[in-house]
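Residue strings, one per chain:
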Amino acid sequence: MKKTILAMLVSSVAFGSYAAQWNVPDLAIGGGELPQSVEHRSLVKGVDYYQIQRGTSQGEAYLLSSGILNEQTIKDYSAKLDDLKLPYHLETAPEAAPNGQKMGKILRLKGFESSGDAETQAKVLKEHGLNFSPRFSAQDGYDTKGPFDISLLRVDLNQYQGKVASILANDKITTAETVSSMAERNQALAAINGGFFAFNDQVGDMGAPAGLYVKDGQLLREAANQRPVLIIDNSGKHSKVSIGNSVTTEVLLNINGNTVRIDGINRKPGVILNCGGLDDTPSTEAIHDFVCTDDSEIIVYNSAYDAQTPQGEGKEIVIDANGKVVEVLAKRGSVINAGFSYVQLTGDSKLDVKLGDNLTLASKVVVDGEEVQLRKGVSMLNAGPSLVTNFAVDIASRNTQGFNPYPSTGDHAGSQDDDGLGVSGAMENREGFYNGWVLRRHPRTALGVTDNNILYAAVVYGRAPTVTEGASITDVAAVMEALGTKNAINLDGGGSSMMVIDGKRTGSSSDASEREVSDAIIFTR
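First, a word on what this report is: a plain description of the structure on this page. Since the structure is predicted, the reported quantities are computational estimates derived from the model, not experimental observations. (Residues numbered from 1 in each chain as written. Predicted model: local features only at pLDDT ≥ 70, side-chain atom pairs only at ≥ 80, totals over all residues. Heavy atoms only, no water.)

**A word on the overall build of the protein chain**
- For the protein chain, the helix and strand inventory stands at five helices and 34 strands.
- On C-alpha atoms alone, the protein chain measures out to a radius of gyration of 24 Å, which is about the 24 Å that the 2.2 N^0.38 rule sets for 525 residues.
- For the C-alpha atoms alone, the extent of the protein chain along its principal axes is close to 75 × 65 × 35 Å. (Helix = DSSP H or I, 4+ residues; strand = E, 2+ residues; numbered from the N terminus. Rg over C-alpha atoms; globule rule 2.2 N^0.38 Å.)

Below, the structure written as structure tokens:
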């Protein structure tokens, strides 16, 4: 018997005249034919909101996980666990690497009735030199039937009279703001969180987008090259939304008619979160949640950055609104004037510039091999990985979009284990990161578009055992495929995941309170 419960209105808002003749399909997450109940609200013409409860808890328990370990560490850990007479399970990772290669093994101690019991045992093991992390089994990346709490926005871009827009926190690059606040400030009909951002001042400017950001045709941050991109085009009557598999940028200075390529725009010098930059160490390929460095950079700033340019050693060139060099300073750090630009040089970087020279900024954005014209109305942001490409779940693209477990990081390699277990030095790769970030279940936010201009924005809430378990990247890709999207992209997740409808959050943040983020995607009234 088919268990899916078709869309049934139980909210206080009555079915309006805008109700779409569409039923939520089986969303596939957790396997086919799970119980699935749906609450539906029509918001305005072309926009419908669905709150979906899917699956049921199967009596999962808490466990301890080692994360992925290399062979020698597994031998050492197994011997110590045997000495302690503690039963354990040696298991393979939930999925293979994107290239099909089997990843390392995981040690798991199962059967704890509560998180407190698991944490107590983890402390005992720590005293014996064994690093384990408490987890709820349904969230550990292996098969589960949920439950899953999913907020879904369906926008028919052919009918919708409002606009889809990307909004910066407080309209600046270097600050953070909650999705709720951005929605309220812009009187939005609906909103979701956007792209990744610097989560502290060591990896960049706290709150700044970690990669490409284009606002209304103006490049405000360079790309983490080769990552996917969300493109919003409001230059016509209706919003157009598309997703590219790979974006690159070139930030260029034109100095008296000569063009020089520089490192970036509106970014903290020397640190490149998610990598994918120009001549950086240890790699120029995109590597998610990894910080590359560059001691010698040329970076340009404008009023979108902050009230002042970064301070420090180096030089700073001040350009007025007419493109004339008006100052060449021996140190970095100036109050930013509207309309002015500021070029900073660090380390051994040099520019042959003098007072009175003409200096203008140019930029090139290339998506899937074709240059995109940065005209008014066009906005873009980096995110990833791609979830669906040409109607199919896309796993292969993870290799080039920053989620390759085996990046070219040389002596800088480490497993980057998400739980900080203290064993990452025992790994020669990023399998631990891939397992923890990609394969385990966390809150996720995703956006996809069909070939007939239907946009779907989804938030799978998570990290709430037996209430909503979250999704792996493959899980949320399955949701987007089930919705019939031609292309879909993963946005920031975890504590950042949030949807707001008519000023109200549709679920609970996995953080103690709603997280402040760098940007949001809003749907205007």
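**Topic: the side chain of Asp 357**
- Mapped onto the elements of the fold, Asp 357 is located in the loop between strand E22 (341–345) and strand E23 (359–367).
- Residue Asp 357 is classed as buried on the basis of its relative accessible area, which comes to 6%.
- A distance of 2.9 Å separates the side chain of Asp 357 from the backbone nitrogen of Lys 354, its partner in a polar contact.
- Setting aside residues no more than four positions away along its own chain, Asp 357 makes contact with Asn 256, Gly 323, Lys 324, Val 325 and Asp 352. (Buried < 20%, exposed > 50% of the residue type's maximum accessible area, 1.4 Å probe, protein only. Polar contact = N/O pair within 3.5 Å; in protein donor to acceptor, adjacent residues only side chain to side chain. Contact = heavy atoms within 4.5 Å.)

**What about the side chain of Glu 514?**
- Counting through the fold element by element, Glu 514 comes out in the loop between strand E32 (504–505) and strand E33 (516–517).
- Within the structure, the side chain of Glu 514 is placed 2.7 Å from the side chain of Ser 180, a separation counted as a polar contact.
- Separated by 3.1 Å, the side chains of Glu 514 and Arg 505 make a polar contact.
- Among all residues touching Glu 514, those that are not within four sequence positions of it are Thr 178, Val 179, Ser 180, Met 498, Arg 505 and Ser 509.

**Describing unusual backbone geometry**
- Here the amide bond leading from Thr 281 into Pro 282 is cis, since omega sits at 5 degrees, within 30 degrees of zero.
- A cis amide bond links Gly 384 to the next residue, Pro 385, at an omega of 5 degrees.
- Here Pro 385 is to be found in the loop between strand E25 (378–382) and strand E26 (386–389).
- Residues other than glycine seldom take positive phi values, yet Glu 33 does so here, at roughly 60 degrees.
- Take Glu 33: it is sitting in the segment before strand E1 (36–44).
- A positive phi angle, near 80 degrees, is found at Gln 226, a position not held by glycine.
- Inspection of the secondary structure assignment puts Gln 226 in the loop between strand E12 (218–221) and strand E13 (227–233).

**Some words on the state of the cysteines**
- As enumerated under the stated definition, the model contains one disulfide in all.
- Across the disulfide, Cys 275 is cross-linked to Cys 292 (sulfur-sulfur distance 2.1 Å). When the S-S torsion is 95 degrees, as for the bridge of Cys 275 with Cys 292, the disulfide is right-handed. With Cys 275 in strand E17 (residues 271–275) and Cys 292 in strand E18 (residues 286–293), the pair connects residues that are 17 residues apart, well separated along the chain. (Disulfide = S-S within 2.5 Å.)

**Quick notes on the packing of aromatic side chains**
- Taken as a whole and judged by the stated rule, the model has nine aromatic pairs.
- Between the aromatic rings of Tyr 301 and Tyr 305, the centroid separation amounts to 4.9 Å while the plane-to-plane angle is 70 degrees, which identifies the pairing as edge-to-face. Considered together, Tyr 301 and Tyr 305 belong to a single accessibility category, that of buried residues.
- Ring plane angle 25 degrees and centroid distance 6.2 Å describe the contact between Phe 433 and Trp 437, whose orientation is recorded as stacked. You can see Phe 433 and its partner Trp 437 sitting in helix H4 (residues 431–439), four residues apart, about one turn around the helix. (Phe/Tyr/Trp six-rings, centres within 6.5 Å; stacked < 30°, edge-to-face > 60°.)

**Some details on the sheet that holds strand E8 (residues 164–168)**
- Within the open sheet, the five strands sit side by side as E8-E34-E10-E31-E32. Their pairing is antiparallel. Whereas interior strands pair on both sides, the edge strands pair on one side only; in this sheet they are E8 and E32.
- Sheet topology places strand E31 (residues 499–501) next to E32; two bridges connect them, and they run antiparallel. Residue pairing across strands places Val 500 opposite Arg 505, the latter belonging to E32. (Pairing = 2+ DSSP bridges.)

**A short note on the sheet that holds strand E21 (residues 325–332)**
- The strand order E16-E19-E22-E20-E21 describes an open sheet built from five strands, whose pairing is mixed. The open sheet has two free edges, formed respectively by strand E16 (264–265) and E21, since each of these has just one partner strand.
- Here five bridges tie strand E20 (residues 312–319) to E22, and the two strands are oriented antiparallel to one another. The residue bridging Lys 315 from the neighbouring strand is Leu 345, located in E22.

**Quick notes on helix H5 (residues 473–482)**
- Most of H5 sits inside the fold, with seven of its 10 residues counted as buried.
- Those residues of H5 lying buried are Ile 473, Asp 475, Val 476, Ala 477, Ala 478, Val 479 and Met 480.
- In this fold, the buried residues of H5 make contact with E26, strand E27 (392–393), H4, strand E28 (444–449), strand E29 (454–461) and strand E30 (487–490).
- Immediately beyond the C-terminal end of H5, within one or two residues, lies Gly 484, with a positive phi of roughly 85 degrees.

**A look at the pattern of salt bridges**
- Under the definition given, this model contains 20 salt bridges.
- Linking Arg 440 and Asp 140 is a salt bridge whose minimum nitrogen-to-oxygen distance equals 3.9 Å. Residue Arg 440 is found in the loop between H4 and E28, and its partner Asp 140 is found in the loop between strand E6 (133–136) and strand E7 (148–156); the two are separated by 300 residues along the sequence. By the burial criterion, Arg 440 is buried, and Asp 140 matches it.
- Two residues, Arg 185 and Glu 177, come together in a salt bridge whose shortest N-O distance is 2.9 Å.
- Linked by salt bridges that have partners in common, Glu 91, Arg 108, Lys 110, Arg 135, Asp 140 and Arg 440 make up one network. (Salt bridge = Lys/Arg side-chain N within 4 Å of Asp/Glu carboxyl O.)

**Remarks on the pairing of E13**
- Among the seven residues that make up E13, seven are buried, leaving the element largely enclosed by the rest of the structure.
- Bridge count for E13 against strand E14 (residues 240–255) is six bridges, and the pairing is antiparallel. Of the residues in E14, the one forming a bridge with Ile 231 is Ser 242.
- The hairpin turn running from E13 into E14, its antiparallel successor, is six residues long.
- The pairing of E13 with E25 spans five bridges and is classified as antiparallel. By the bridge assignment for E25, Asp 233 is matched with Val 378.

**Points about the nonpolar core**
- By size, the foremost hydrophobic cluster in this structure holds 98 residues, and its most contacted members are Leu 153, Val 241, Leu 387, Leu 447, Met 480, Ile 521 and Phe 523.
- The biggest single contributor to this core is E29, with eight residues.
- In this structure Val 241 touches Leu 157, Val 164, Leu 230, Ile 231, Ile 232, Leu 447, Val 449 and Leu 455, once residues within four positions along its chain are discounted.
- Listed in part, the 26 residues of the second largest apolar core include Val 214, Leu 219, Val 251 and Met 380. (Core = buried A, V, L, I, M, F, W, Y, C linked by side-chain atoms within 4.5 Å.)

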